[in-house]
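Observations on chain architecture
Listed below are the residues making up each chain.
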Amino acid sequence: MITHLNSAPTKPERVALLGARGFIGAALRKQLDVRKIPYLALTSSDVDLSASSAPDKLATLIKPSDSVVMLAALTPDKGRDVATMMKNFAMMQNTCAAAGKISCAHFVYFSSDAVYSAADALVTEETPPSPQDLYGAMHHTRELMARSLPKVPVLVLRPTLIYGLDDTHNSYGPNRFRRAAQKDGRITLFGGGEETRDHIHVDDVAALTLRCLLRRSTGTLNAATGVSHSFHEVAEVVAKQFKTAVEIVKTPRAHPATHRHYDISAAIKAFPDTRFTGIEQGVASVHREMLGKS
């Protein structure tokens, strides 16, 4: 659940984006531009958050009046080993040291639904974290690090599977399916694609984040649509976007199918007029963007 410190939407004096060049960062910059909210877009070329010099350097770049959004993390495609996890810890430790030193106005940490167990079929903000791998454990630990900041209002966002045109991670789902369909005319599923998951468009994630920044929200919030689809259904939606036939290939199942659904009552209570993009509309919009760039 989250608490709004601003009784009405109020523009932050400035938003400092750490990891601004990434998939979510780019979408959030667009939202900030639309609302004409000043922001400081920081990337690894501006400050290496894993370096020992990072706290002092970062403290000279951000201001006490800033709302800081921590997006920077090494994702599983960069490594799933202990060394990668420790580098992620160093990035967060240095960021928290700087944010705590200046006592920034608001701190938003982008975590992941990987903090939940794969066995959790119905997830709410009250579902106890039970990470099953190093990536999930890393995010859960970084959440605790963020919450330890003294005198800084902290919000933890836990997004479900995010899709959009400029995603670079190629994770299983709409992003990978679209690329495979475009390249090979074929989408390969794990098993029959029976697993159900919640998929959220990156623009919806950015819009929800902006709402939280405007209200200076604190606590924990899942970023999900509340509607789950099987991967086979998603593959069919992706295939329909192409003029030529796309083959959907089933493979022998190696592991039992798991399912996940989100109860988004907390998001609706916090922002009653919230609406999320449906999977068909979202996939179609991404396809149009792809055609526009080709």
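Right above here is the structure, for reference.
I will try to describe carefully the structure that is included in this document.

What counts, and at which threshold
- Residues numbered from 1 in each chain as written.
- Predicted model: local features only at pLDDT ≥ 70, side-chain atom pairs only at ≥ 80, totals over all residues.
- Heavy atoms only, no water.
- Phe/Tyr/Trp six-rings, centres within 6.5 Å; stacked < 30°, edge-to-face > 60°.
- Helix = DSSP H or I, 4+ residues; strand = E, 2+ residues; numbered from the N terminus.
- Buried < 20%, exposed > 50% of the residue type's maximum accessible area, 1.4 Å probe, protein only.
- Core = buried A, V, L, I, M, F, W, Y, C linked by side-chain atoms within 4.5 Å.
- Contact = heavy atoms within 4.5 Å.
- Salt bridge = Lys/Arg side-chain N within 4 Å of Asp/Glu carboxyl O.
- Axes fitted to C-alpha atoms, helices over the stretch in contact; angles between N-to-C directions.
- Parallel < 35°, antiparallel > 145°, perpendicular 65-115°, else oblique.
- Left-handed = near helix turned anticlockwise from the far one by under 90°.
- Nonpolar A, V, L, I, M, F, W, Y, C, P; charged D, E, K, R; others polar.
- Pairing = 2+ DSSP bridges.

Counting across every chain of the model gives four aromatic pairs. With a centroid separation of 4.1 Å and an interplanar angle of 20 degrees, the aromatic rings of Y172 and F190 are classed as stacked. A residue pair is termed long-range when its members are at least 10 positions apart, and Y172 in the loop between β8 (161-163) and α5 (174-184) and F190 in the loop between β9 (186-188) and β10 (196-201) qualify at 18 residues. On the basis of relative accessibility, which here comes to 14%, the residue Y172 falls in the buried class. The class of F190 is partly exposed, set by a relative accessible area of 44%. When the ring of Y172 is compared with that of F231, the centres are 4.5 Å apart and the planes differ by 40 degrees; the resulting orientation is tilted. Of this pair, Y172 sits in the loop between β8 and α5 while F231 sits in helix α7 (residues 231-239); the two residues are 59 residues apart in sequence, bridging distant segments of the chain. We note that Y172, like F231, is buried.

To continue, consider the nonpolar core. For soluble globular proteins, the rule of thumb is that nonpolar side chains tend to be buried together. Judged by nonpolar contacts, the single largest core of 38 residues is most densely connected at V69 and L221. Taken together, the elements giving at least two residues each to this core come down to β2 (14-18), α1 (23-34), β5 (106-110), β7 (154-159), α6 (202-215), β11 (217-223) and α8 (265-270). When residues in this core are grouped by element, the largest group, eight residues, is from α6. Beyond its immediate stretch of four places on either side in the chain, L221 contacts I2, E125, V156, L157, R158, L208, C212, A266, A267 and F271. Core analysis: the second largest hydrophobic core is formed by 31 residues, L42, M70, F89 and V152 among them.

What follows covers the pattern of salt bridges. Taken as a whole and judged by the stated rule, the model has nine salt bridges. For D66, the salt bridge goes to R14, with nearest N and O atoms at 2.7 Å. With D66 in strand β4 (residues 66-70) and R14 in strand β2, the pair connects residues that are 52 residues apart, well separated along the chain. For the salt bridge of E247 with R186, the shortest nitrogen-to-oxygen distance reads 3.4 Å. With E247 in strand β13 (residues 247-249) and R186 in strand β9, this pair connects stretches of sequence that are 61 residues apart. Judged by its relative accessible area of 43%, E247 falls in the partly exposed class. For R186, a relative accessible area of 43% puts it in the partly exposed group.

Okay, the packing of α1 against α6 next. Put simply, α1 and α6 touch, their axes get as near as 9 Å, and they point 60 degrees apart. The angle between the axes of α1 and α6 places the two elements in the oblique class. The way α1 lies across α6 gives a crossing that is right-handed. Seen from α1, the contacting residues are F23, I24, A27, L28, Q31 and L32; seen from α6, they are V202, D203, V205, A206, A207, T209 and L210. Its residues assigned to classes, the contact of α1 with α6 comprises ten nonpolar, two polar and one charged.

Consider a sheet: its strands pair through backbone hydrogen bonds, and that pairing is either parallel or antiparallel. One open sheet accounts for seven strands, arranged β1-β11-β7-β5-β4-β2-β3; its pairing is mixed. Looking along the sheet, the strands with just one partner apiece sit at the ends: β1 (2-4) and β3 (39-42). Adjacent strand axes in the sheet meet at a mean angle of 20 degrees, parallel and antiparallel pairs treated alike. Relative to β5, β4 runs parallel, the two sharing four bridges. Looking across to β5, one finds that V69 is bridged to V108. Strands in contact with helix α2 (residues 54-61) are β2, β3 and β4; relative to β3, the strand with the most contacts, it is inclined by about 155 degrees.

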